[in-house]
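Listed here are the chains, written in short residue letters.
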Amino acid sequence: MKARMKNPAMVLPDGMKGIGSIFKAVNQGGISHELQELVGLRASQINGCSACVHAHAQNLAKAGVSADRQAAVTAWREAPYFTDAERAALQLTEAVTRLADRSGEAVSDELWDEVADHFDEQQLSALILLIGVTNLFNRLNATIKEPAGTTWG
C-alpha cells in the first residue's frame, strides 16, 4: 500500500515546526514517555490509524512494555495491567477522541475530577496537547492513506 501523497506536515515545513513545538511542550509536561505512547496508541486505535498504531506499538516494545500490556490497551477497563492514573488518562483520551459520539459534555466533571486527582496542571496540559496532536496525525494519515511502517524525515 502506498500513501496518496507525502504527509502534509512534511510538504509544508512550517506545519511540522508547529507540531514539533507541541511535542516539545508535551515532553516538558511531566508525563512519562510510556504514558504518552499508551495514550497515542489508544487514540490511534479508536481512529483506525494503522501507521500510528504501528508506530506506538513499536515504541512501546522498544521501551520494554510487555506484549500483554500493549494488547490490553483496547480493553484497559477490564485488564489488570494499568494504574489508576493510566486508566484516567486512557478514559480522557477516549472522551476527547470520541467528541462526535457524546450525548453530553465532551469531558464530564466527574472524569475531569478523576484525571485531576492523578495529574497536576502541567501534566494535564501535556495530556490534552498529546491527545489533540495524536488525533491530528490520525486524521492526516487517514486522509492520505499512510500505511503502517512509514518513517518520516
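Preceding this section is the structure that the text describes.
Below: a short report on this structure. (Residues numbered from 1 in each chain as written. Predicted model: local features only at pLDDT ≥ 70, side-chain atom pairs only at ≥ 80, totals over all residues. Heavy atoms only, no water.)

## Brief notes about the overall build of the protein chain
Working step 1: Across its full length, the protein chain holds eight helices and zero strands.
Working step 2: Walking the protein chain from its N terminus toward its C terminus, one meets helices and strands in the order α-α-α-α-α-α-α-α.
Working step 3: Against the 2.2 N^0.38 benchmark of 15 Å for 153 residues, the protein chain shows a C-alpha radius of gyration of 15 Å, consistent with a compact globule.
Working step 4: For the protein chain, the residues scored as buried account for 39% of the 153 residues in total.
Working step 5: Excluding contacts between residues fewer than 6 apart, the proportion of contacts in the protein chain whose partners are at least 24 apart in sequence is 67%.
Working step 6: Carbon and sulfur atoms provide 54% of the accessible area of the protein chain, an area that totals close to 8,400 Å².
Working step 7: With 14 positive and 18 negative side-chain charges, the protein chain shows a separation of 15 Å between the mean positions of the two kinds. (Helix = DSSP H or I, 4+ residues; strand = E, 2+ residues; numbered from the N terminus. Rg over C-alpha atoms; globule rule 2.2 N^0.38 Å. Buried < 20%, exposed > 50% of the residue type's maximum accessible area, 1.4 Å probe, protein only. Contact = heavy atoms within 4.5 Å. Areas by Shrake-Rupley, 256 points an atom, 1.4 Å probe, with all protein chains shown as cover. Lys, Arg positive; Asp, Glu negative; His and termini not counted. Charge placed at Lys NZ, Arg CZ, Asp CG, Glu CD.)

## Topic: the environment of Glu94
Working step 1: For Glu94, the location among the structural elements is in helix α6 (residues 84–97).
Working step 2: A relative accessible area of 6% places Glu94 in the buried class.
Working step 3: Remark: the alpha-carbon pair of Glu94 and Thr74, spanning 20 residues in sequence, is separated by 11 Å.
Working step 4: Filtering out sequence-adjacent residues up to four positions away, Glu94 remains in contact with Arg42, Ile46, Trp76 and Arg77.
Working step 5: Among the polar contacts made by the side chain of Glu94, one reaches the side chain of Arg77 at a distance of 2.9 Å. (Polar contact = N/O pair within 3.5 Å; in protein donor to acceptor, adjacent residues only side chain to side chain.)

## Comments concerning the pattern of salt bridges
Working step 1: With the rule as written, the count across this model stands at six salt bridges.
Working step 2: Measuring nitrogen to oxygen at the nearest pair gives 3.3 Å for the salt bridge that ties Asp14 to Lys17. With Asp14 and Lys17 both in helix α2 (residues 13–27) and three residues apart, this pair spans about one turn of that helix.
Working step 3: Judged by its relative accessible area of 58%, Asp14 is exposed.
Working step 4: The closest approach of N and O atoms between Arg42 and Glu94, which form a salt bridge, is 2.8 Å. Here the residue Arg42 occupies a position in helix α3 (residues 33–47), and Glu94 occupies one in helix α6, the gap between them amounting to 52 residues.
Working step 5: Residues participating in the shared-partner salt-bridge network are Arg42, Arg77, Glu94 and Arg98. (Salt bridge = Lys/Arg side-chain N within 4 Å of Asp/Glu carboxyl O.)

## Considering the side chain of Thr97
Working step 1: Relative to the helices and strands, Thr97 resides in helix α6.
Working step 2: Owing to a relative accessible area of 7%, Thr97 belongs among the buried residues under this scheme.
Working step 3: Reaching out from Thr97, the side chain makes a polar contact with the side chain of Asn135 at a distance of 3.1 Å.
Working step 4: Apart from the residues lying within four places of it in its own chain, the contact partners of Thr97 are Ala43, Ile46, Asn47, Ile131, Asn135 and Arg139.

## Describing the packing of α6 against helix α7 (residues 109–118)
Working step 1: Their axes nearest at 9 Å, the elements α6 and α7 cross at an angle of 140°. As summarised for this structure, α6 and α7 are arranged oblique, according to the angle between their axes. Relative to α7, α6 is oriented so that their crossing is left-handed. Only Leu111, Glu114, Val115 and His118 of α7 make contact with α6, whose side of the interface consists of Asp84, Ala85, Ala88, Gln91, Leu92 and Ala95. (Axes fitted to C-alpha atoms, helices over the stretch in contact; angles between N-to-C directions. Parallel < 35°, antiparallel > 145°, perpendicular 65-115°, else oblique. Left-handed = near helix turned anticlockwise from the far one by under 90°.)

## Points about α3
Working step 1: Spanning 15 residues, α3 covers 21 Å between terminal C-alpha atoms, matching the ideal 21 Å at 1.5 Å per step.
Working step 2: The complete set of buried residues in α3 reads Leu35, Gln36, Glu37, Leu38, Val39, Gly40, Leu41, Arg42, Ala43 and Ser44.
Working step 3: If you follow the buried residues of α3, they end up packed against α2, α4 (50–62), α5 (67–71), α6 and α8 (121–144). (Expected span 1.5 Å × (residues − 1).)

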